[in-house]
Amino acid sequence: MEQGYILAIDQGTTSSRAIVFDRNGEIKEIAQKEFRQIFPKSGWVEHDPEDIWNSQLEVLNDAIGKLPQKDLIKGIGITNQRETTLLWNRETGEPVYNAIVWQDRRTADYCNEIAEQGFDKTIQEKTGLIIDAYFSASKIHWILENVDGARELAEKGQLAFGTVDSWLIWKLTEGKVHITDVSNASRTMLYNIHDLTWDKELLEIFDIPASLLPEVKSNSEVYAETSPAIIGSAIPIAGIAGDQQAALFGQLCLDQGMVKNTYGTGCFILMNIGEKPIISKNKLVTTIAWKIGDEVNYALEGSVFIAGAVIQWLRDEMKLIQAAPETEEISQSIKDTDGVYFVPAFAGLGAPHWNPKARGTLLGLSRGTKPAHIIRAALESIAFQSRDVILAMEHDSGSKIKELRVDGGAALNNFLMQFQADLLKADVLRPKVTETTALGAAYLAGLAVGFWKDTHELQQQWQVDKKFVRDSKKELDNHISNWNKAVKTVNFWTK
Ligand code: ADP
């Protein structure tokens, strides 16, 4: 078989990575570099676009440099932090402002005004999203209103908007190509997920000229070649997807009803809902998962704000543990939490509860409560919160999940994964390659260039590291109802 590799560019919020995958979907080389986070004011988060590019280029060259020849790379797939917003001058290629990162809250009041004007319903119907500062539209508006000369340049058609994927492709092609893909477009709050077009009415609501926008492509096709002046050879760029959608693809959740959960600082849960969008009644967002050929797949998405972060908090603030992995054995050493419940709503509660004012709460303490009980309650809270999101997905989609595919740092915790399986009454599958985001981008590119024949081939090579089979004898109804009471208590406290 002809030798060769696919390279995934994984441009994340705190680091840029480049991962080389072989034909079996296994990691051959990996390079990673953190870059600067800029916090100009409370609630503001920015990246220097040149830092994003330079760190990405460095790891790209590192990873490729470890191979015997550059031309062994048959295609590049790109996955990126979503929603983060850049505007640059089409003529000079110079950004007019720093990238405003998805976490940035500066446009929260503006978003409230838009909602108060009654546009929230139209926005949700057209984009599947709930109006929030998180998404790109209000960030673009902010730059146009607040950066000297930006609006004039935009009116003259001289500015380009892009999420990070667009910016990287612009740089990789030396400004020849200005594109994005449907999954990233669907996070801008300007893209109509039913018609698959930039939406005129939404552009008017946010007062954004259409001339800024990139052309929207499918997730798997040859879009362009890298400019040889940049990385020394012309390699087809053949896949793009936002990070969470890429992870859904990398987990091969290709059929309707399949769900993945990434257990990192927070949890990101996505359910493939097939070819028709469902607008959520439970405060989840609807998003485009991918478009391959003419076929579009949609997903429901929900997140848990504090997941692995509660374990960090136990380690760094409470000093109850020295390292996150200890929590597994500690939790297994006791038979239960002895009635302790921990709702780690440090940053409010996400879907389906949506209470930004909620704060963390410990309930059920007694004289006999030991650190182990609190540690176990913290781990259990990650699974309970994930279940709440998945339950909302089941209600919206009308289908009960059979299995959950998992990745992210905290998915390594066997106690947590078994508890999750028992709680969901569904099996939990942890794959061998947990770099699912990069793997998804590589899959998308590899399919487009014929490196892999079809998804059937991918399914045959995709391997499970460990399957956590649900214990159907385990009686958890009472435990669940206590958790629900704990969440109600948190909501009551903040009323
Ligand atoms: P991110 O990409 O959000 O930075 P990672 O996927 O790297 O997150 O996961 C790191 C998070 O997972 C941290 O919050 C850490 O506390 C948690 N974590 C890592 N290992 C474990 C473990 N064995 N058990 C529980 N939590 C863990």
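Just above, that's the structure.
Residues numbered from 1 in each chain as written. Predicted model: local features only at pLDDT ≥ 70, side-chain atom pairs only at ≥ 80, totals over all residues. Heavy atoms only, no water.

In this section: the sheet that holds strand β13 (residues 220-225). Ordered by their spatial adjacency, six strands build an open sheet running β3-β2-β1-β5-β14-β13, and the pairing between neighbours is mixed. Edge positions in the open sheet fall to β3 (27-34) and β13, since each of these has one partner strand only. Taken pair by pair, the neighbouring strands of this sheet meet at an average axis angle of 25°, ignoring direction. Across seven bridges, strand β2 (residues 15-21) lies against β3 in antiparallel orientation. Looking across to β3, one finds that V20 is bridged to E29. Helix α6 (residues 164-172) contacts β1 (5-11), β5 (73-80), β13 and β14 (236-242) of the sheet and is inclined by roughly 145° relative to β5. Here helix α10 (residues 243-250) sits on the sheet in contact with β5 and β14, set at roughly 105° to β14. (Pairing = 2+ DSSP bridges. Helix = DSSP H or I, 4+ residues; strand = E, 2+ residues; numbered from the N terminus. Axes fitted to C-alpha atoms, helices over the stretch in contact; angles between N-to-C directions. Contact = heavy atoms within 4.5 Å.)

Where empty space is left becomes clear once a probe the size of a water molecule has been rolled over the atoms. What the rule picks out here adds up to three cavities of 30 Å³ or more. Looking at the largest cavity, its volume works out to about 90 Å³. Lining the largest cavity we find 15 residues, and of these V304, L349, G350, H353 and Q385 sit closest to its centre. Going through the elements one at a time, β18 (295-304), α13 (371-397) and α17 (477-493) are the ones with two or more residues in the lining of the largest cavity. Grouping the amino acids of the lining of the largest cavity by side-chain chemistry returns nine nonpolar, five polar and one charged. (1 Å grid on protein atoms, 1.4 Å probe; cavity = no way out; pocket = protein on both sides within 12 Å on 5 of 7 lines; lining within 4 Å. Points joined across faces, edges and corners; volume = space filled by probe spheres on them. Nonpolar A, V, L, I, M, F, W, Y, C, P; charged D, E, K, R; others polar.)

Attention shifts here to the site of the ligand. The full set close to the ligand counts 13 residues, and T265, G308, Q312, G409 and N413 are the nearest of them. Side-chain polar atom of N413 to a nitrogen atom of the ligand: 3.0 Å apart, as the coordinates give it. Here the ligand, which alone exposes 580 Å², has 67% of that area covered by the protein. The greatest single-element share of the shell around the ligand, amounting to four residues, is contributed by helix α11 (residues 308-316). Across the shell around the ligand, the residue classes tally to five nonpolar, eight polar and no charged. (Near = heavy atom within 4 Å. Polar contact = N/O pair within 3.5 Å; in protein donor to acceptor, adjacent residues only side chain to side chain. Areas by Shrake-Rupley, 256 points an atom, 1.4 Å probe, with all protein chains shown as cover.)

Three or four residues apart is the spacing at which side chains of an α-helix point the same way, because the helix has 3.6 residues per turn. Where burial is concerned, most of helix α4 (residues 136-146) is hidden: nine out of the 11 residues are buried. Among the residues making up α4, those that are buried are S136, A137, S138, K139, I140, H141, W142, I143 and L144. On the buried face of α4, the contacting elements are β6 (86-89), β7 (99-100), α2 (108-116), α5 (150-155) and β8 (159-162). (Buried < 20%, exposed > 50% of the residue type's maximum accessible area, 1.4 Å probe, protein only.)

Before going further, it helps to examine the sheet that holds strand β21 (residues 403-407). Spatial strand order, β17-β18-β16-β15-β21-β22-β23: seven strands in an open sheet with mixed pairing. Where the open sheet ends on each side, the last strands, each with one partner, are β17 (285-292) and β23 (464-468). Neighbouring strand axes in the sheet, compared pairwise and without regard to direction, differ in orientation by 25° on average. Alignment of strand β15 (residues 259-263) against strand β16 (residues 267-274), held across five bridges, turns out to be antiparallel. Note on β16: the bridge partner recorded for V259 is M271. Here α10 sits on the sheet in contact with β15, β16, β17 and β18, set at roughly 60° to β17.

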